[in-house]
Number of protein chains: 2
Amino acid sequence: MYNLVKENIIQKQLIKAGDNVLIGLSGGPDSVFLFHNLRKLKESLSFNLYASHINHMYRGKDAQHDEDFVRSLCEDYGVKLFVKRKNATDYAKELKVTEEEAGRILRYNFFRENLSEVGGGIIAVAHNLNDQAETVLQRILRGTGIDGLCAMSFVKDDLIRPMLNVQRSEIEKYLRENNFEFCIDITNTQAIYGRNKIRLNLIPYLEENFNPNIQNSLYRLSETMERDKKIIDKYVEIKFCEALVHADKNKIVLNLQKLKDMDEGEAGRVIRKSIEQLKGNTVNVEMKHIDYAIDFIKTGSTGKKINLSEGFTIEISYDNFIVNKIVENIPEFKYAIELDKPLFIKETGKTVLCSVKDISEVDIRESQSINLDFDHIKGNLTVRNRRTGDTIVPCGNTWNKKIKDIFIDLKIPAEERDSKLIIADDENILWLEDFRIHNSYKVSSSTKKILNITIGRSTNE
Amino acid sequence: MYNLVKENIIQKQLIKAGDNVLIGLSGGPDSVFLFHNLRKLKESLSFNLYASHINHMYRGKDAQHDEDFVRSLCEDYGVKLFVKRKNATDYAKELKVTEEEAGRILRYNFFRENLSEVGGGIIAVAHNLNDQAETVLQRILRGTGIDGLCAMSFVKDDLIRPMLNVQRSEIEKYLRENNFEFCIDITNTQAIYGRNKIRLNLIPYLEENFNPNIQNSLYRLSETMERDKKIIDKYVEIKFCEALVHADKNKIVLNLQKLKDMDEGEAGRVIRKSIEQLKGNTVNVEMKHIDYAIDFIKTGSTGKKINLSEGFTIEISYDNFIVNKIVENIPEFKYAIELDKPLFIKETGKTVLCSVKDISEVDIRESQSINLDFDHIKGNLTVRNRRTGDTIVPCGNTWNKKIKDIFIDLKIPAEERDSKLIIADDENILWLEDFRIHNSYKVSSSTKKILNITIGRSTNE
């Protein structure tokens with residue numbers, strides 16, 4: 001088993017020498033299995049291993065037991081551990097999202113925060129073959145296409161899954177044979193959640209009545225789908241480029257005749273790609289929207305324009321088929337910032353996390369977060385979008401400049417300006433997202449304490 | 001509903017004016033629904049409608065009732081009906097296949113036989129949206145990839161499915177509202193077969209616990225998969241042509257470096273396509289075989305050759321990667337022919353059906369079957385492959401010619417000769433597959449009775 005994880009890491013190039021690898025360590029069998037595999041491999045593959053544990057404070061004594069277990073495990077093997085205590089149920093209410101989603105935001109924010117402390121790196125999570133099978137089945141049951149069937153992959157952005165092809169039974173066998181202890185998560189044995197219902201009821205029923213190897217079959221399905229998805233992406237990229245007339249931030253102009261010459265499936269995927277390029281993802285783009293667009297390509301005439309869902313219109317203008325992004329009006333917003341507490345801003349989909357650190361703890365050249373001189377801050381911190389008359393003293397200057405003029409100088413389209421975050425204290429704007437920090441708050445040789453600001457985007461992982 | 005079937009036929013070009021359309025008419029709600037839709041449409045779309053019914057003699061009185069019902073329905077609307085009585089259980093034992101498979105062979109052989117009587121045409125079958133959903137689910141449970149998820153399509157070869165996107169509930173509603181009668185197949189209500197278990201147990205469970213619209217989701221999945229499959233096929237065709245060095249009946253030579261430059265998924269699909277080209281299909285080509293081949297591309301060296309399953313080897317020879325078909329030795333075989341009884345020849349995968357017909361019933365120019373003068377046949381008919389010393393008097397000649405010399409003249413590769421069927425009576429070889437009939441048995445102006453020979457291939461439909 002140990003060999004399979006090692007093979008995955010090497011063959012799929014999941015970890016490079018010198019990498020900082022942070023493992024999400026709940027204390028359950030999967031993450032403990034991954035922990036032992038990684039701590040064994042870290043010498044020969046020359047990477048640094050860290051661990052993060054979130055005590056969700058769900059089950060009183062149990063949760064404390066798990067935290068203690070993880071602390072002792074990491075101590076035994078000399079692995080630096082980060083621990084956070086936070087109740088996901090409360091956090092879910094705060095963010096107005098599901099508990100599952102809140103847990104996910106909490107986890108990945110904490111993991112990335114830890115990694116930025118050690119100078120950046122990758123996150124290793126302990127999903128196994130059975131998790132993959134359950135995910136595939138869950139997506140089939142909800143309704144999906146090839147993208148959904150690809151399910152989870154061994155590597156995505158800063159996330160690796162080195163044991164995605166390892167079966168749960170093999171994990172348990174390995175832990176037993178090596179006398180490695182682990183914690184049992186009792187919530188996993190209750191069939192109340194959708195996912196647990198799939199694991200505890202549906203899969204055993206399918207194994208008994210239809211196919212004893214259903215989990216392997218589902219895993220294989222996701223594997224072939226991922227291969228096929230790559231082929232589709234390449235082909236669609238070719239067709240998209242062939243049809244492309246013009247692209248900017250708010251519209252994609254395609255040659256209508258080229259679209260008409262394509263198969264329905266090809267044209268549909270080119271439209272989907274156009275939306276993805278404008279939007280950054282294809283969340284909520286449904287097949288019916290693509291079908292409308294295909295139909296419009298066939299039957300629409302010049303001057304026609306229709307709304308596609310999710311803030312897009314499509315129109316035909318002579319020889320062109322145009323996908324337009326409807327510029328959304330972001331309303332005014334303003335939130336109080338509490339230190340060390342990720343704040344999800346629903347208007348922009350971003351998360352802000354501010355912490356105070358000693359100058360010695362922080363590598364200020366590290367570019368993933370913003371560092372300001374904490375001792376210059378007056379009063380309370382808030383995050384908001386622009387207001388008329390906003391000004392800042394840009395870093396390196398001594399006079400106030402209108403935020404509006406900064407936007408104009410930098411040619412920021414009017415429709416994007418309302419989405420830019422501003423962090424202010426009781427007196428000044430400290431920071432304007434993507435562009436400027438206030439000159440008085442910059443880190444200098446006399447700085448002792450740092451205000452560290454991390455901006456995250458909610459992802460699907 | 002009527003409109004949806006009509007729309008399918010027109011938009012997907014399922015039927016052209018002048019077509020002979022033969023409907024498989026069991027008498028159940030689905031086929032009766034299709035029958036009424038087609039008989040209403042046949043005038044406006046100018047096609048000819050025929051029906052075929054097989055009385056499987058399963059359920060004594062029930063089966064006779066269904067046959068009577070279908071006869072009366074066709075009579076009422078002036079549709080010519082073909083009826084055959086044959087027990088599929090017995091036939092399955094005969095062919096040594098499952099009852100489902102035997103039923104399928106029986107049905108499609110009979111349908112094609114009927115069509116050839118009316119001068120050729122297409123077969124319309126009554127699969128609906130729920131059948132499609134069940135098929136998709138069944139394939140997922142068994143283990144599948146994109147090809148399996150495409151499931152059934154609106155048109156495949158000579159088969160059309162004009163109501164594939166119509167829901168069972170809509171069918172029942174339409175029949176009720178129009179007071180159209182139909183038969184109930186009680187075997188459909190028993191959860192004993194795998195397929196019925198999916199329909200009667202699994203789907204209701206999934207609808208209740210996971211997704212009330214699961215059937216629509218599965219249908220949509222098959223629809224998007226079919227679109228994506230077309231994209232993959234196109235891309236793979238391009239990559240295959242790029243890598244192709246040489247192709248003949250027994251081997252495909254590909255450029256090794258081109259394969260190495262491809263993604264795993266692309267290379268795998270190119271190998272799969274090579275096998276398909278050599279074999280005619282990819283039945284029994286599993287993902288593990290493709291994985292072997294991908295691994296071999298990466299690690300193999302010149303002179304190496306390995307067996308892939310199903311009669312194929314792969315080898316590396318300098319700059320080339322070669323897929324070879326292992327020429328199989330077909331053993332000698334010989335079977336007695338019974339009239340009107342399809343005979344499955346396992347050595348070649350073909351089915352032979354011989355019938356005797358009056359000259360007036362047969363269009364002898366119709367090329368899908370072979371017609372001989374029945375009254376010249378002496379003794380019993382057999383079908384076999386070649387033996388040393390076989391001779392025939394080729395049509396138009398008066399002297400005997402060695403079968404071996406015919407093969408040589410026509411440049412038939414040695415390895416294919418054992419697979420060619422020969423039909424003989426007690427004295428002569430009447431017919432050599434693909435090439436010759438005996439001069440004495442040809443149909444002439446004095447012919448009264450015809451021996452009609454139909455050769456079928458077992459398909460996946």
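The written sequence of each chain sets the order in which its residues are numbered from 1. Just so you know, chain letters begin at A and ligand numbers begin at 1, following the order they were written in. With pLDDT at 70 or above as the cut-off, local features in this predicted model cover only qualifying residues; side-chain atom pairs require 80 or more to be listed or tallied, and sums for whole chains, interfaces and linings still use all residues. Side-chain numbers here rest on the full set of heavy atoms in the structure, without hydrogens or water.

Trainee: I keep staring at the packing of helix H6 (residues 129-142) of chain A against helix H9 (residues 194-209) of chain A and nothing clicks. Help me out?
Mentor: The relative placement of two packed helices comes down to the angle between their axes together with the axis-to-axis distance. Residues and elements named next belong to chain A. A fitted line through C-alpha atoms represents every axis, and for helices the fit uses only the stretch in contact; the resulting angles, taken between N-to-C directions, go from 0 to 180 degrees. We count a stretch as a helix when DSSP gives it H or I for four or more residues in a row; a strand needs E for two or more, and each element gets its number in order from the N terminus. At a closest axis distance of 10 Å, the pairing of H6 and H9 adopts a crossing angle of 95°. Considering the angle they form, H6 stands roughly perpendicular to H9. Contacts from Asp 131, Glu 134, Thr 135, Leu 137, Gln 138 and Leu 141 of H6 reach H9 at Arg 195, Ile 198, Arg 199, Leu 202, Ile 203 and Leu 206. Should an angle fall under 35 degrees it is taken as roughly parallel, and over 145 as roughly antiparallel, whereas 65 to 115 is taken as roughly perpendicular and any remaining angle as oblique. We call two residues contacting when some pair of their heavy atoms lies within 4.5 Å.

Trainee: Hey, could you run me through the UniProt feature "binding site: ATP" (unreviewed entry) in chain A in this one?
Mentor: Residues and elements named next belong to chain A. UniProt positions are given in the numbering used here, feature names are shortened, and annotations may be inferred rather than shown by experiment. Following the UniProt record, the feature "binding site: ATP" (unreviewed entry) maps to Ser 26, Gly 27, Gly 28, Pro 29, Asp 30 and Ser 31 here. Relative to the helices and strands, Gly 28 resides in the loop between strand E1 (20-24) and helix H2 (29-44). The contacts of Gly 28, once residues within four sequence positions are left out, are Phe 182 and Cys 183. Tracing the backbone through its elements, the reader meets Asp 30 in helix H2. Any residue under 20% of the maximum accessible area for its type is buried, any over 50% is exposed, and the rest in between are partly exposed; the area is computed with a 1.4 Å probe on protein chains only. Using a relative accessible area of 19% as the deciding quantity, one classes Asp 30 as buried. If we skip the residues at most four places from it in the chain, Asp 30 touches Ala 126, Asn 128, Asp 131, Met 163 and Ile 171.

Trainee: In this structure, what is going on with the relation of the copies chain B and chain A? I would like to understand it.
Mentor: Taken together, a rotation about one axis and a shift along it account for how the two chain copies relate. Least-squares fitting of one copy onto the other uses the C-alpha atoms of those residues that reach a pLDDT of at least 70 in both copies. Superposing chain B onto chain A requires a rotation of 180° together with a translation of 0.1 Å along the rotation axis, leaving an RMSD of 0.2 Å. A rotation of that kind, with that shift, is consistent with a two-fold axis. When you check the interface residues of chain B against chain A, 100% turn up at the interface there too, and the contact is symmetric in its surfaces.

Trainee: How do you make sense of the packing of helix H12 (residues 264-279) of chain A against helix H13 (residues 287-299) of chain A when you look at a structure like this?
Mentor: Residue and element names in this part refer to chain A. Two elements in contact, H12 and H13, have axes separated by 9 Å at closest approach and are oriented at 115°. Between H12 and H13, the crossing angle belongs to the class labelled roughly perpendicular. Taken as a pair, H12 and H13 cross one another with a handedness that is right-handed. Across the interface between the two elements, Glu 264, Ala 267, Gly 268, Ile 271 and Arg 272 of H12 pack against Ile 290, Ala 293, Ile 294, Ile 297 and Lys 298 of H13. Under the convention adopted here, Pro, Cys and the residues Ala, Val, Leu, Ile, Met, Phe, Trp and Tyr are nonpolar, Asp, Glu, Lys and Arg are charged, and Gly plus all remaining residues are polar. Classifying every residue of the contact of H12 with H13 gives 6 nonpolar, 1 polar and 3 charged. Rotating anticlockwise by less than a right angle from the far helix to the near helix defines a left-handed crossing, while the corresponding clockwise rotation defines a right-handed one.

Trainee: Would you mind showing me how to read the interface of chain B and chain A here?
Mentor: Each side of the interface is counted separately: chain B has 44 residues, and chain A has 44 residues. A simple way to read buried area is as the amount of 1.4 Å-probe accessible surface that goes missing from two parts once joined, with both sides added. Between chain B and chain A lies a buried interface of about 3800 Å² when both sides are counted; carbon and sulfur atoms form 66% of it. Basic side-chain nitrogens of Lys or Arg form a salt bridge, by our definition, when they fall within 4 Å of a carboxyl oxygen of Asp or Glu. Inspection of the chain B/chain A interface yields 12 salt bridges. Between Lys 234 of chain B and Glu 266 of chain A there is a salt bridge; the shortest N-O distance is 2.4 Å. Identification of polar contacts relies on pairs of N or O atoms within 3.5 Å, with a donor-acceptor requirement for protein atoms, meaning one able to donate a hydrogen and the other able to accept it, and with residues adjacent in sequence counted only if both atoms are side-chain atoms. One can count 11 residue pairs in polar contact (both at pLDDT 80 or more) joining chain B with chain A.

Trainee: Can you help me understand the pattern of salt bridges in this one?
Mentor: Oppositely charged side chains can pair when the atoms bearing their charge come close. On inspection of all chains with the given rule, the structure shows 62 salt bridges over all chains. The shortest N-O distance in the salt bridge between Lys 229 of chain A and Asp 147 of chain A comes to 3.2 Å. Taken together, the residues Lys 229 of chain A in helix H10 (residues 214-243) and Asp 147 of chain A in helix H7 (residues 146-149) connect sequence positions 82 residues apart. What makes Lys 229 of chain A buried here is its relative accessible area of 15%. Its salt-bridge partner being Lys 251 of chain B, residue Asp 248 of chain B comes within 3.9 Å of it at the nearest N-O pair. Judged by relative accessible area, Asp 248 of chain B falls into the partly exposed class, the value being 34%. Salt bridges sharing common partners tie together Arg 220, Glu 223 and Arg 227 of chain A together with Glu 264, Asp 291 and Lys 298 of chain B.

Trainee: What is the right way to read the sheet that holds strand E4 (residues 122-124) of chain B from this model?
Mentor: Paired through backbone hydrogen bonds, the strands of a sheet run either parallel or antiparallel to each other. Residues and elements named next belong to chain B. Any two strands are treated as partners once DSSP identifies two or more bridges connecting them. Spatial ordering of the open sheet is given by E3-E2-E1-E4-E6-E5, a layout of 6 strands whose pairing is mixed. Lying at the two open borders of the sheet, with one neighbouring strand each, are strand E3 (80-85) and strand E5 (155-156). Lying on the sheet, helix H2 (residues 29-45) is in contact with strand E1 (20-24), strand E2 (48-55) and E4; it crosses E1 at an angle near 160°.

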